[in-house]
Structure formats: structure tokens, C-alpha cells
Amino acid sequence: MSDYTLFYFPGNANIAPHVALEEAGASYELSLVDRKSGGLRDAGYLALNPNARVPTLIDHTLGDLVIYEAAAICLHINDRHPDAGLLPPVGTPERARALQWLIWLTNTLQAELLVYHYPMRHVTEDAAIDTVRAKANERLDSQFAIVANALEQTGAYLAGQDYSIADAYLTMLCRWAGRLAKPPRTYPALNRLVDAVLARPAVDRAYQTEGVKLPYVA
Ligand SMILES: N[C@@H](CCC(=O)N[C@@H](CS)C(=O)NCC(=O)O)C(=O)O
């Protein structure tokens, strides 16, 4: 049996944890949760993740520990594979930056992208959908500008000169934002980062296995 099972749907929030598993050279298997046929609300899946969201990870090396939240899964994989280079060393400025960005990505940029993609969940009248999406788009524009500006300051990657799992997380979110009026790749710093992340063999393997089509990020 593999050490981990990752529940996923192609291109969803699982792709950063999937990259983490690949970078770590971990022994894992994937389990498709078919969103289109109600898989997220299947009783068996809800017992693992009552949020009815992907991803969920089972860590078979820890008594079948079940863990959800994509960023938490990335951190957990880093803890289990400390030599995989997923995060800078503990106690360094680079580590602090990587953590800051990983948390910001999940609780700010990702949350806003969900409003943008699911505006209907935030209205009582369909007539308000366009306004909700437009306001989300405005906030996303300023958030992508913030992270692009930070990348200009820190160098190649979010934590500094070296890649971390936060960069794979950002790349996942850039992909979800490809249809914004001002797509992430229009910022030179984001364009460079996305290219650098996608050139990593571990990233390519994760995207290909999930069947996410090239060029991955528009
Ligand atoms: N905070 C969660 C969010 C996960 C999430 O929203 N996943 C989406 C796919 S990208 C999902 O399962 N959506 C199902 C739905 O919204 O009904 C995480 O980061 O793991």
C-alpha cells in the first residue's frame, strides 16, 4: 500500500499538494472525487471531509490520519519529508516569507477566486451576479498586483532565491485566474515565476497525471 492517498479532481486545489508529493518523491495514490456526478457529497467522502471540497489526504503512515485544506496538506507533506526542499529551513527569514505567502494565498487570493468563480453563492437575486463577480475581479486585480510587486522585491520566488511549495500554490491559483480581464501572466514577475515552476519535472508530472492540458496557465 502507498503511504498516502490524495483525493482530487483535475486541476482543483489538490494540484499544489499533488506537486508537493511529487517533489518529495513520496509513495502515494490518487483517488478521483467525481465532482460532476456528486462525488463531493457522497457519504463516504463527506465522512472524510465534511466540507465537501477537494483535496483530502490520508496519511497511511500515521494511522490513516485524514487531513484537509490544501495549504495544511502541503505543510504536512513538508513535515513528513523535511529534506524535499518544499520550504526553507526553520527559523530563517525565507521560511517566514514562504509561510506568510502560503497562508495569504489560501486565505486571501484563493478565497477571492472562489467568489469570482461562484458569484451565484453570494447573491439572493441573479441580477446581482455580475456585480459580485466584477467586484471580486477588482479585488483580484489588486491582490495579483501585490504579489507581483513582492516578487519584484524578493527575487525569483516568493521566499527569495529558492523555490518553495508556496510558488507551486501560486501557480495553481494563477491558472484559475487565466480568464481575468488582466490575467496573472500579464505581470512580468508572475509570468517568470509561472514559467519557472512549470519547468520543474515534479510539477509537470502532477499536472500531466491530472490531465490538465498544456500550457497549464493561459
Ligand atoms: N479551503 C479549501 C478549499 C478547497 C476548495 O474550495 N476546493 C474546490 C475545488 S478547487 C471544491 O472542492 N469546490 C467544491 C464546491 O465548491 O462545491 C482548501 O484549500 O482545501
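Values in this document were obtained by computation on a predicted structure and should not be read as measured data.

Caption draft 1: Spotlight on the domain arrangement of the protein chain. As assigned here, the protein chain comprises domain 1 (4-80) and domain 2 (93-200). For domain 1 and domain 2, the distance between their C-alpha centres works out to 21 Å. Listed per partner, the contact involves 16 residues of domain 1 and 16 residues of domain 2. Together domain 1 and domain 2 conceal approximately 1100 Å² of surface at their shared face, both sides included; 61% is due to carbon and sulfur atoms. The tally of links from domain 1 across to domain 2 stands at one salt bridge. Residue R200 is joined to E23 by a salt bridge in which the shortest nitrogen-to-oxygen separation is 2.9 Å. For the side of domain 1 that touches domain 2, the elements supplying multiple residues, two or more each, are α1 (15-24) and α3 (70-80). Looking at the side of domain 1 that touches domain 2, its residues break down into nine nonpolar, three polar and four charged.

Caption draft 2: How the structure looks around the site of the ligand. Taken together, 15 residues lie around the ligand, and R53, V54, E69, A70 and R121 are the ones closest in. Contact distances for the ligand include 3.0 Å between an oxygen atom and a side-chain N or O atom of Q110. R121 has a polar side-chain atom sitting 2.8 Å from an oxygen atom of the ligand. Compared with its free state, where it exposes 510 Å², the ligand has 88% of that area covered by protein. Of all elements in the fold, only α4 (93-117) and α6 (165-176) reach the threshold of two or more residues within the shell around the ligand. Class assignment of the residues belonging to the shell around the ligand gives a composition of nine nonpolar, two polar and four charged. No fewer than three residues from each of domain 1 (4-80) and domain 2 (93-200) sit in the shell around the ligand.

Definitions and cut-offs
- Residues numbered from 1 in each chain as written.
- Predicted model: local features only at pLDDT ≥ 70, side-chain atom pairs only at ≥ 80, totals over all residues.
- Heavy atoms only, no water.
- Domains from an automatic or database assignment.
- Contact = heavy atoms within 4.5 Å.
- Buried area = accessible area lost by both parts, 1.4 Å probe.
- Salt bridge = Lys/Arg side-chain N within 4 Å of Asp/Glu carboxyl O.
- Helix = DSSP H or I, 4+ residues; strand = E, 2+ residues; numbered from the N terminus.
- Nonpolar A, V, L, I, M, F, W, Y, C, P; charged D, E, K, R; others polar.
- Near = heavy atom within 4 Å.
- Polar contact = N/O pair within 3.5 Å; in protein donor to acceptor, adjacent residues only side chain to side chain.
- Areas by Shrake-Rupley, 256 points an atom, 1.4 Å probe, with all protein chains shown as cover.

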